[in-house]
Amino acid sequence: ALVENTEKIIVTGSRIPRANLVKSGAVTVISREDIEASGFNNFGDLLQSMTVSSPSSNTLNNGNDSGVTNFNLRGIGSNRTLVLLNSRRLPNGGNGADSSPDLSAIPTAIIERVEVLLDGASAVYGSDAVAGVVNIITRHTEDIFEISAHYGESAEGDAENYNVELVAGIVGDKGRFMLSASYDEKSEVYAGDRDFSRYALNLN
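Owing to the predicted nature of the structure, the values given are computational and were not obtained by experimental measurement.

Conventions adopted
- Residues numbered from 1 in each chain as written.
- Predicted model: local features only at pLDDT ≥ 70, side-chain atom pairs only at ≥ 80, totals over all residues.
- Heavy atoms only, no water.
- Pairing = 2+ DSSP bridges.
- Helix = DSSP H or I, 4+ residues; strand = E, 2+ residues; numbered from the N terminus.
- Axes fitted to C-alpha atoms, helices over the stretch in contact; angles between N-to-C directions.
- Phe/Tyr/Trp six-rings, centres within 6.5 Å; stacked < 30°, edge-to-face > 60°.
- Buried < 20%, exposed > 50% of the residue type's maximum accessible area, 1.4 Å probe, protein only.
- Contact = heavy atoms within 4.5 Å.
- Patch = residues over 30% accessible without salt bridge, like charges linked within 9 Å, V, L, I, M, F, W, Y side chains within 5 Å.
- Areas by Shrake-Rupley, 256 points an atom, 1.4 Å probe, with all protein chains shown as cover.
- Salt bridge = Lys/Arg side-chain N within 4 Å of Asp/Glu carboxyl O.
- Lys, Arg positive; Asp, Glu negative; His and termini not counted.
- Charge placed at Lys NZ, Arg CZ, Asp CG, Glu CD.
- Polar contact = N/O pair within 3.5 Å; in protein donor to acceptor, adjacent residues only side chain to side chain.

Enquirer: Summarise the sheet that holds strand S10 (residues 176–186); cite the residues concerned and give the values.
Expert: Whether parallel or antiparallel, the strands of a sheet pair through hydrogen bonds between backbone atoms. With antiparallel pairing, three strands are arranged side by side in an open sheet as S8-S9-S10. Of all strands in the sheet, those bounded by a partner on one side alone are strand S8 (144–152) and S10. Neighbouring strand axes in the sheet, compared pairwise and without regard to direction, differ in orientation by 5° on average. In this structure, S8 lies alongside strand S9 (residues 161–171), joined through nine bridges in antiparallel fashion. Note that in S9 the partner of Ile144 across the bridge is Gly169.

If you want it as structure tokens, here you go:
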């Protein structure tokens, strides 16, 4: 039998430029102090107040939506803004074929900071990060026990909203444990309750 020796080639590196993997991007960091000073009891509403945010489903104006809070970065669509929790992907939320995570499902009390990558990162994360990435970092550096409550209403004296949050955590040498619970209730306001929206006006 004829035996031929073959040469094995192992590639341990590449000189192909990888600009999309190593380039720096603009990152906006929202600290816990910023969240507390904003007055929002839903940090999804705080994200929607950013200048780079486009209209999307929120807790203030649900209309025909499923009551979720999404973040639409640069107007490309909330399904093109990747939302991470401690650098891990969040499952989609809401009713029906909702393809975006519900930010209302994350209690504000457990958030340490929010990092928003204001640049596309599809080369790293895939097509759901075309607009950018939101990474939510939770509190895990110290023992904690906090109870907070919020109350608000509109200038007309209606649209009352209540929010109560509890967070408790223990940090040890071998791990950590955190428990969080929240209750949120918002009273409805109909279009007929305001003069400017009581009648539908069409310009022809």
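Alright, that's what it looks like, and here's the rest.
Enquirer: Quick one: what's the story with the packing of aromatic side chains, residue by residue and with numbers?
Expert: Considering all chains together, one arrives at one aromatic pair under this definition. Look at Tyr151 and Tyr162: their rings are 5.3 Å apart centre to centre, the planes differ by 50°, and that puts the pair in the tilted class. One end of the pair, Tyr151, is in strand S8; the other, Tyr162, is in strand S9, with 11 residues separating them in the sequence. For Tyr151, a relative accessible area of 51% puts it in the exposed group. For Tyr162, a relative accessible area of 37% puts it in the partly exposed group.

Enquirer: Break down the environment of Tyr125 for me, with residues and values.
Expert: Of note, Tyr125 is situated in helix H4 (residues 122–125). According to the relative accessible area criterion, Tyr125 is partly exposed, its value standing at 33%. Separated by 36 residues in the primary sequence, Tyr125 and Arg89 place their C-alpha atoms 9.8 Å from one another. Those residues in contact with Tyr125, other than ones at most four positions away along the chain, are Leu82, Leu84, Arg89 and Val133.

Enquirer: Any chance you could break down unusual backbone geometry for me, citing the residues and the numbers?
Expert: Peptide bonds are, in most cases, trans, and in most cases residues other than glycine have a negative phi. For Ser87, which is not glycine, the phi dihedral falls at a positive 70°. Residue Ala159 is not a glycine yet carries a positive backbone phi of 55°. Tracing the backbone shows Ala159 in the loop between S8 and S9. Classification of Ala159 as partly exposed rests on a relative accessible area of 21%.

Enquirer: Give me the lowdown on a negative patch on the surface, citing residues and values where you can.
Expert: On the surface, a cluster of negative charge is made up of Glu33, Asp34, Glu112, Glu142 and Asp143. Relative to the assigned elements, Glu112 resides in strand S6 (residues 111–117). We classify Glu112 as partly exposed; its relative accessible area is 33%.

Enquirer: How would you summarise the side chain of Asn70 if you had to cite specific residues and measurements?
Expert: Tracing the backbone through its elements, the reader meets Asn70 in the loop between strand S2 (53–54) and strand S3 (72–73). Using a relative accessible area of 5% as the deciding quantity, one classes Asn70 as buried. Within the local environment of Asn70, its side chain forms a polar contact with the backbone oxygen of Pro101, the two atoms lying 3.0 Å apart.

Enquirer: I'd love a proper account of the pattern of salt bridges, names of residues and values included.
Expert: Oppositely charged side chains may form a pair once their charged atoms are brought near each other. Within this structure, the stated rule accounts for six salt bridges. Where Glu146 meets Arg139, a salt bridge forms, and the shortest distance between an N and an O atom there is 3.0 Å. Taking relative accessible area as the criterion, Arg139 reaches 12% and is therefore assigned buried.

Enquirer: Quick rundown of a nonpolar patch on the surface? Include the residues and the values.
Expert: A cluster of nonpolar residues, Phe145, Ile147, Val164, Leu166 and Tyr183, forms a patch on the protein surface that exposes about 530 Å² of accessible area. Where the nonpolar patch is concerned, the elements lending two or more residues are S8 and S9. Relative to the helices and strands, Leu166 is located in strand S9. According to the relative accessible area criterion, Leu166 is partly exposed, its value standing at 30%.

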